[in-house]
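# Tertiary structure, described
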Amino acid sequence: MNTLTDKLLGGKQGAIGLAILAAIILIVLPLGLDPFRIGMVGKYLTYAFVAVSLVLLWGYGGILSLGQGIFFGLGGYCMAMFLKLEASDPVSTKIQTTPGIPDFMDWNQITAIPLFWQPFHSFTLTILAVLLVPTLFAFIIGFAMFKRRVGGVYFAIITQAIALILTILIVGQQGYTGGVNGITDLKTLLGWDIRTDHAKYILYYINAFLLIAIIMASRYILSSKFGMLLLAMRDKEERVRFSGYDVSNFKIFIFCFAALISAIGGAMFTLQVGFMSPTFIGIVPSIEMVIFAAVGGRMSLIGVVYGTLLVNYGKSVFSETYPELWLFLMGGLFISVVMFFPNGLAGIYTDLMKKFQSRKTKSVPVKLEVVAVVHEKTESEPILTSEPAGAKA
Amino acid sequence: MFGYSMADIGNIVVMQGFSGLSLFSVLLLMALGLAIIFGQMGVINMAHGEFMTIGAYTTVFLSKLAVKYDIVNYYFVFAIIAAFIIAFAIGYLVEFVLIRHLYKRPLDTLLATWGLSLVMQQIFRSTFGAKEVSAELPQWLLGAFQPTSDIEIPINGVFVMGLAAVVTFGVFLFMFRSRWGLNVRATVQNRVMAGAVGINTKKVDRVTFALGCGIAGVAGAAFTTIASTGPTTGSLYIVDSFMVVVFGGAASLMGTIASAFGIAQAQSILQFFMTSSMGKVTTLLVIVLILMMKPEGLFAAKVRK
C-alpha cells in the first residue's frame, strides 16, 4: 500500500476495522431493518459525526468541549432554514396573513423575511453556510480562548455557557427562529420530497458515506505530523510550546475542524429527521454526545460510531419500556465508563486482543503497545492544562 | 426612558434590585460550596445542583412533619441544620466512593459527576414525584414590609440574605481562621509538603468536598423560601453557579461574593427592561466576553506561575 491510502485507512488493522464498520452500516443494517428503524439509525449516525469530532478534540487534543451541540445545531439550523423557505412558498401558505413566509413568523406577527434568512434562498449559499458559519464561530471562540491559554475545565465550562446562551436565544427569539419547537414541517429539497421511504434510504447512504469519508480524513490528520503534535500537546503542552510550536494555532485548527464535522452531522440530521430544534443544541445534548464518545472509546474513531449506536439503541429501548430506569442506566454508564473503562469499548477490545495475541505468540504487536502507553498516560497525567493562577496546586 | 417616570424608575430599581438580592443570596450559597470544591480542590462537581435539591427536599419533608406536629413556627432552623448535615453526609460518601479516584483527571470528574446528577435526579423523581413541591413556611417568613407605599420588600428575601451572610461569614472563619482551614489551604498549595508535615490530606479532601456539598444543602433550604422544588431544580442553577465561581476568580472568596452580586443584579434588572430570556442572554454573554479577555476572573489570586 502506498503512504496516502495507508494514512487514510490507518494501516492493515485500521483498514479491517473500517471495512467491518462499512459492511455493517452500508449492508447489514439497511438489509436487516425496516424503513422506520433505518431512519432512526440514520439519525444516530449523525450524532456519530459529533462523536468523531470529539475523538479528535478530546481524545487526541485533550480539549473537552461541552458545546459541540452548538455546531451540530448551527449546521442543522442552516439546512433547516433553507428547507423551511422552500416549504413556505406563497401557494402552500396562502391561508397566512402574509403568504410566502415561514408559518412561525406569521404566528409571531412578522411580515417580511428577516435579512439573515435571505441567503438561505440559495442552495449553494446554504451549503456554504452549513460549512462556514459553525467553523467561523468556532474560530472566534477558539481564537479568543486558546490565544489566552484558556484550557481544561475552564474551556469546558465556557463552551457549556455558550451552548446555554444559544439555546435561550433561539427559544426567546421565537419569531426569527421558531422558538422551542424549532423549525418543523420540512418537506422538499430542491423539489425532491425528503419524507418518502425511498428518499430516506438515499439520505441514509449519503450520510453513511460522508461519515466514512470523515473518519478517513480524520485518520489522515491523526497519522500526520499534526496528529503527533496534538498528542504531544495533550500530554505535555509546555514542552511542545518550548520546542517552538505555536500551540494555540493547532488547537484553533482542531477545534474548527471538529466544529465543521459536527455541522455536517447537524445538516444531515435535519435532512433525515425533517426538523431542527433547540433541544439538540443545549447543555444536555452536548454532554450526551460526550458520553457517546466516551462509551465508544475517546481514542478510537471507529469505536465511537459503535458507542453512539449502542447508547442510542439502549436509550430508545429503555425509554420505550422502562422510562424511569433509563436515567439510572445513563448515569451509571457515565460513572462506570469514566471510572473503569476510560478508553471505552475500543479499549476493552484492544485489551482483549492483546490478551488473545500474547497467549498465541509471546510478542505483542508494536501498534498495540503504543495504544497501551497512551492509555497509561491519560490515567496518570492530568489532562487539565494551562489553568489560570490559583487553581494549580 | 421606556415610558416610566423618574420615581417609577427609582421604585423599580429598588424592587428589582431587591429581587436581585434574593437571587444573589441563593447563587452565593450555591457558589460558595462550588468555590470551595472547584476553587480549592480543582474538582468540577456537576452534581452540585442536586446537593442543593437534597437540602430543599429535606426542608420540604421536615415542613410536612412540622405541620403534623404543629411546630411550623420553629422547625425552619432545624431544617437548615438538617439540610446541611444530610448533604454533608452524602457528599462525604460520594467523595469516598467516586471523586477520590478521579483527582488526577478533572475532565473525567466532570463527566462522572454529571452521571451522578442524572442518577440523583431520577432518585428524586422516583421518591418525591415529578411534580414541584413547596415547604410550609412559618408565619414569620411570610408577608412583606413597606418602607414607602410603592415599595414592597418580601420578608423571606431578607431572611435568605441574612442566611447567606451568616454562612459566608462562617465559611470565612472556617477557611481563614481555623486549624481545619489552614490544613485545607496547605493541602491546596502543596499536597506533598502538607502530607510530609503530618496533615492527613485524604481526610482534608473528603471533609472539604463534603463541606461544599453541605453548604449547597443550606442553599437548598434557603431556596424553599422563595420557590418550589422539583427534581431538576438544581440543574437550573448549575451553569449560573459555575459562571459565578469562574467569573469571580476560582480561588477567591471575595471574588465569588462580588461576581454573585454582579450577575444576580444584572440579571434581575435587565430582565425587567428586556424579556426574561434576553436579560439572561445578555448577562451570560457579557460574562463570557469578559472571561475571554480576562480568563483568570475578576479577583485572581496573584500567584507566580
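Residues numbered from 1 in each chain as written. Chains lettered and ligands numbered in written order. Predicted model: local features only at pLDDT ≥ 70, side-chain atom pairs only at ≥ 80, totals over all residues.

## Regarding the overall build of chain A
Going by this rule: Segments assigned H or I by DSSP are reported as helices when at least four residues long, segments assigned E as strands when at least two residues long, and all are numbered from the N terminus. Radius of gyration: over C-alpha atoms. The globule rule applied is 2.2 Å multiplied by the number of residues raised to the 0.38 power. In this scheme every C-beta is placed from the backbone, and a residue whose C-beta has 20 or more other C-beta atoms within 10 Å is buried, one with 12 or fewer is exposed, and one in between is partly exposed. Contact between residues is assigned whenever the C-beta positions, reconstructed from backbone atoms, fall within 7 Å.
Secondary structure summary: chain A contains 17 helices and two strands in total. Relative to the globule expectation of 21 Å for 393 residues, the C-alpha radius of gyration of chain A, 22 Å, shows essentially globular dimensions. Referenced to the eigenvectors of the C-alpha coordinate spread, the extents of chain A come out at roughly 75 × 55 × 50 Å. Scored against the burial criterion, the 393 residues of chain A give a buried share of 47%. Long-range contacts, defined as pairs at least 24 residues apart, comprise 78% of the intrachain contacts of chain A with a sequence gap of at least 6.

## Thoughts on the environment of G157(B)
All names here are of chain B. Along the chain, G157 falls in helix α5 (residues 155–177). Between the C-alpha atoms of G157 and V244, which are 87 residues apart in sequence, the distance is 20 Å. Excluding residues within four positions of it along the chain, G157 makes contact with F18, L21, S22 and I226.

## Describing the environment of F280(A)
Mapped onto the fold, F280(A) is located in the loop between α12 (247–273) and α13 (283–296). In this structure the C-alpha to C-alpha distance between F280(A) and G69(A), which are 211 residues apart in sequence, comes to 6.1 Å.

## Observations regarding the interface of chain B and chain A
You'll often see interface size given as the accessible area lost when the parts meet. So the rule is basically this: When residue character is reported, Ala, Val, Leu, Ile, Met, Phe, Trp, Tyr, Cys and Pro are called nonpolar, Asp, Glu, Lys and Arg charged, and the others, Gly included, polar.
Counting residues at the interface gives 45 residues for chain B and 45 residues for chain A. At the level of secondary structure, the elements contributing two or more residues to the side of chain B that touches chain A comprise α4 (106–128), α9 (233–248) and α11 (276–293) of chain B. The greatest single-element share of the side of chain B that touches chain A, amounting to 14 residues, is contributed by α4(B). Looking at the side of chain B that touches chain A residue by residue, the class counts come to 29 nonpolar, nine polar and seven charged.

## Digging into the environment of F104(A)
Residues and elements named next belong to chain A. Within the secondary structure, F104 sits in helix α5 (residues 103–107). In this structure F104 comes out as buried when scored by C-beta crowding, with 21 C-beta atoms within 10 Å. Those residues in contact with F104, other than ones at most four positions away along the chain, are Q174, G178 and G179.

## A closer look at the confidence of the model for chain B
For any part of a model where pLDDT is low, the fine detail of the predicted coordinates should not be relied upon. Residue and element names in this part refer to chain B. Rules: The predictor's confidence in any single residue is recorded as pLDDT, a number from 0 to 100.
For chain B, the mean per-residue pLDDT works out to 84, and 94% of the residues sit at or above 70. Between the elements of chain B, mean pLDDT differs from a low of 70, seen in strand β1 (residues 144–145), to a high of 92, seen in helix α3 (residues 75–97). Under the prediction, the complex receives an ipTM of 0.84, its pTM being 0.85.

## A word on the confidence of the model for chain A
Residue and element names in this part refer to chain A. Looking at chain A, the pLDDT average stands at 83 and 91% of residues meet or exceed 70. Taken element by element, chain A is modelled with least confidence in helix α17 (residues 366–380), mean pLDDT 43, and with most confidence in α12, mean pLDDT 93. Scored below 50 in pLDDT, residues 364–393 makes 62 contacts in the model with residues more than four places away or belonging to other chains.

## Examining α9(B)
Each turn of an α-helix holds 3.6 residues, which means side chains three or four residues apart point in the same direction. Residues and elements named next belong to chain B. Here is the rule: Multiply 1.5 Å by the residue count of a helix minus one, and that product is the helix's expected span.
Here α9 is 16 residues long and its end C-alpha atoms lie 23 Å apart, about the 22 Å a rise of 1.5 Å per residue gives. Most of α9 sits out of view: 15 of its 16 residues are buried. One or two positions beyond α9, positive phi appears at G249, with a value near 95°.

## Let's talk about unusual backbone geometry
All names here are of chain A. Of note in the backbone geometry, R149 takes a positive phi value of approximately 60° without being a glycine. On the secondary structure map, R149 appears in the loop between α6 (123–146) and α7 (152–172). Note on R149: 17 C-beta atoms within 10 Å, which makes it partly exposed. Its identity as a non-glycine residue notwithstanding, D185 has a phi of 55°, on the positive side. For D185, the position within the fold is in the loop between α8 (174–177) and β1 (188–189). Take D185: there are 15 C-beta atoms within 10 Å of it, and that puts it in the partly exposed class.

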